[in-house]
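# Summary of structural features
Given next are the chains, with one letter for each unit.
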Amino acid sequence: MGQVTNHRAVVSEHGGPEVLRLVEDDLPEPKVGEVRVRVQAAGVSAFDLIYRRWPHLPGSPKVPFTLGEDVVGIVDKLGEGVTALELGQTVAGGTWSRGIGGGYAEYLCLSASELVPVPAGIDPAEAVCLVVNYLTAHLHMHRIGEVRAGERMLVHGAAGGVGTALLQLGALSDLEMYGTASSSQQELVTELGAIPIDYRNQDFRERIGYLTGGEGVDIVIDPVGGAMHLWHSY
Ligand SMILES: NC(=O)c1ccc[n+]([C@@H]2O[C@H](COP(=O)([O-])OP(=O)(O)OC[C@H]3O[C@@H](n4cnc5c(N)ncnc54)[C@H](OP(=O)(O)O)[C@@H]3O)[C@@H](O)[C@H]2O)c1
């Protein structure tokens, strides 16, 4: 091992946040088309929590592994062939091309083509929230759902990371929105422009039927899943 200059948080066994351990590494070197990023902020996603806790999930990595699906940081070294980014530039991007995670680190190398510049003056911790949550929301609403202005959208988990992104993007697309959330989150869902439904105390199918005069909605975004829940959404 050469000079130790990088630190990463690894999941050494499955469990709560207490299983995270700090390890020391060599500074990673960018390959052709990659840049090395000095991480300023890494996102914490639902995937991170699931992979950290559950060893038997399909696709779950073997310990030890580093979590972190999205990062914001400073370009610290350019790999061969990189011309679109500059040293010192602040960038944001996902870590998916590396496999599972990798963002809970001081430094990591990412493909330059998967990074976008972050405008000056934006807090890295705020910018990093945009990557997984808003990209997921955008893809589901526009690429898969192909929503149009005036349509009705029901979002499950409306107060979560992806859910709040969906409501913000849905408002920009002039959708009529409904969102399931627990009672403490009803106000947040209302503030984001949707009619809240308390999924713990109300049957969302009955509520939607009532609120839409029996017409229902055009699109449901359902990350809760499970055959029964998906059927009810359908
Ligand atoms: N396919 C992809 O590319 C992709 C990307 C990102 C996330 N995801 C998935 O999307 C899901 C949400 O991720 P996230 O990061 O937004 O998670 P999150 O921030 O933890 O939010 C999840 C929300 O789900 C709500 N919830 C739990 N059970 C519910 C139910 N039965 N009905 C309605 N709401 C319920 C909780 O709401 P309350 O607090 O109101 O109870 C919580 O706010 C996860 O399953 C994640 O794995 C997929």
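Here is a short report on the structure shown in this document. (Residues numbered from 1 in each chain as written. Predicted model: local features only at pLDDT ≥ 70, side-chain atom pairs only at ≥ 80, totals over all residues. Heavy atoms only, no water.)

## Brief notes about helix α6 (residues 204-211)
Here is the rule: Under this definition, polar contacts are N or O atom pairs within 3.5 Å; protein pairs additionally need one hydrogen-donor-capable and one acceptor-capable atom, and for neighbouring residues in sequence, both atoms have to be side-chain atoms. We count a stretch as a helix when DSSP gives it H or I for four or more residues in a row; a strand needs E for two or more, and each element gets its number in order from the N terminus.
The distance from a side-chain oxygen at the start of α6 to the backbone nitrogen of Arg-205 is 2.8 Å, and the residue carrying that oxygen is Asp-203. Immediately beyond the C-terminal end of α6, within one or two residues, lies Gly-213, with a positive phi of roughly 60 degrees.

## Structural notes on the side chain of Asn-6
The cut-off we apply is this: Note on exposure labels: buried denotes an accessible area under 20% of the residue type's maximum, exposed denotes more than 50%, and partly exposed covers the range between, all computed with a 1.4 Å probe on protein chains only. Working rule for contacts: check all heavy atoms of both residues, and any pair within 4.5 Å makes them a contact.
Mapped onto the elements, Asn-6 comes out in strand β1 (residues 4-11). When its relative accessible area of 2% is taken as the criterion, Asn-6 is described as buried. Within the local environment of Asn-6, its side chain forms a polar contact with the backbone nitrogen of Glu-106, the two atoms lying 3.5 Å apart. Only 2.9 Å separates the side chain of Asn-6 from the backbone nitrogen of Tyr-107, close enough to count as a polar contact. The contacts of Asn-6, once residues within four sequence positions are left out, are Val-23, Glu-24, Asp-25, Asp-26, Leu-27, Pro-28, Glu-106 and Tyr-107.

## A word on the site of the ligand
Let me state the cut-off plainly: When at least one non-hydrogen atom of a residue lies within 4 Å of a molecule or strand, that residue is treated as near it. Methods summary: accessible areas were calculated by the Shrake-Rupley approach with a probe of 1.4 Å, and residue burial reflects only the protein chains presented.
Around the ligand, the structure places 17 residues, and the nearest of them are Thr-136, Gly-161, Val-162, Ser-182 and Tyr-199. At 3.4 Å, a backbone N or O of Gly-160 approaches an oxygen atom of the ligand. Taken by itself the ligand offers 920 Å² of open surface, and the protein chains cover 66% of this. Those elements giving two or more residues to the shell around the ligand turn out to be α1 (46-53), α3 (129-144), α4 (161-172) and β9 (176-181).

## Concerning the sheet that holds strand β8 (residues 152-155)
Rules: Pairing between two strands requires that DSSP report at least two bridges joining them. Structural elements are reduced to axes, namely lines fitted to C-alpha atoms, with helices fitted over the stretch in contact, and the angle between N-to-C directions of any two is expressed from 0 to 180 degrees.
The four strands lie next to each other as β10-β9-β8-β11, forming an open sheet whose pairing is parallel. Each having just a single partner strand, β10 (194-198) and β11 (219-221) make up the two edges of the open sheet. Pairs of neighbouring strands in the sheet enclose a mean axial angle of 20 degrees, with direction left out of account. As defined by bridge partners, β8 adjoins β11 across three bridges and the pair is classed as parallel.

Just geometry here; none of it tells us what the structure is for.
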